[in-house]
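Summary of the model geometry
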Amino acid sequence: MTDIAIQTTLNEEEWKIVMALREIPDSPLRAKVSGLLAELARFIQQPRCLGMQSDGFPCGSPHTSCEECQHMLNVLDDLAGRIPVQG
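Presented here is a report on the structure given in the accompanying data block. Computed from a prediction, not measured in an experiment: that's the story for all the values here.

The secondary structure content of the protein amounts to 3 helices and 0 strands. Taken from N to C terminus, the helices and strands of the protein fall in the order α-α-α. Residues counted as buried form 8% of the 87 residues belonging to the protein. Across the protein, the fraction of contacts at a sequence separation of at least 24, relative to all contacts at a separation of at least 6, is 15%. Accessible area for the protein stands at about 8,000 Å²; split by element, carbon and sulfur atoms hold 58% of it.

Approximately 1,000 Å³ is the volume found for the largest pocket. Along the wall of the largest pocket there are 21 residues; nearest its centre are I6, V18, L21, R22 and R30. Secondary-structure elements contributing two or more residues to the lining of the largest pocket are α1 (12-22) and α2 (28-45). Grouping the constituent residues of the lining of the largest pocket by class yields 13 nonpolar, 3 polar and 5 charged. In this model, the second largest pocket occupies a volume close to 460 Å³. Every residue lining the second largest pocket is listed: V33, L36, L37, E39, L40, R42, F43, V75, L76, L79, A80 and I83. Elements represented by at least two residues in the lining of the second largest pocket include exactly α2 and α3 (67-82). Ranked by residue count, the leading element in the lining of the second largest pocket is α2, at 7 residues. Taken together, the residues of the lining of the second largest pocket break down into 10 nonpolar, no polar and 2 charged.

The next subject is the pattern of salt bridges. Tallying each qualifying case throughout the model produces 3 salt bridges. Linking E12 and K16 is a salt bridge whose minimum nitrogen-to-oxygen distance equals 3.7 Å. Here E12 pairs with K16, and both are found in helix α1, just 4 residues apart, close to one helical turn. Since its relative accessible area comes to 53%, K16 is described here as exposed. In this structure, the salt-bridge partner of R42 is E39, at a minimum N-O distance of 2.6 Å. One end of the pair, R42, and the other, E39, are both in helix α2, 3 residues apart, so they sit about a helical turn from each other. Under the relative-accessibility criterion, R42 is labelled partly exposed at 47%.

Criteria and thresholds
- Residues numbered from 1 in each chain as written.
- Predicted model: local features only at pLDDT ≥ 70, side-chain atom pairs only at ≥ 80, totals over all residues.
- Heavy atoms only, no water.
- Helix = DSSP H or I, 4+ residues; strand = E, 2+ residues; numbered from the N terminus.
- Buried < 20%, exposed > 50% of the residue type's maximum accessible area, 1.4 Å probe, protein only.
- Contact = heavy atoms within 4.5 Å.
- Areas by Shrake-Rupley, 256 points an atom, 1.4 Å probe, with all protein chains shown as cover.
- 1 Å grid on protein atoms, 1.4 Å probe; cavity = no way out; pocket = protein on both sides within 12 Å on 5 of 7 lines; lining within 4 Å.
- Points joined across faces, edges and corners; volume = space filled by probe spheres on them.
- Nonpolar A, V, L, I, M, F, W, Y, C, P; charged D, E, K, R; others polar.
- Salt bridge = Lys/Arg side-chain N within 4 Å of Asp/Glu carboxyl O.

No statement about biological role is implied by the geometric values presented.
Written as structure tokens, this is what we have:
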């Protein structure tokens, strides 16, 4: 993997996430976690649910309460409950 220097400003929460990813040893697990987080972030930004809005267009907002978004929240809650909290 080739490293590319990127200049940006991160808040503390973003920096913690970046550093946590960088601390995972290069492995298939790291690739899987990185890909999963990228897809999760992409889905949350623009869910593209198939649920139709009143105007007939598919939902594209994470601010609405639909089955797909509710399902994603349930999956995240389940995952959060399975991960041991570290002090």
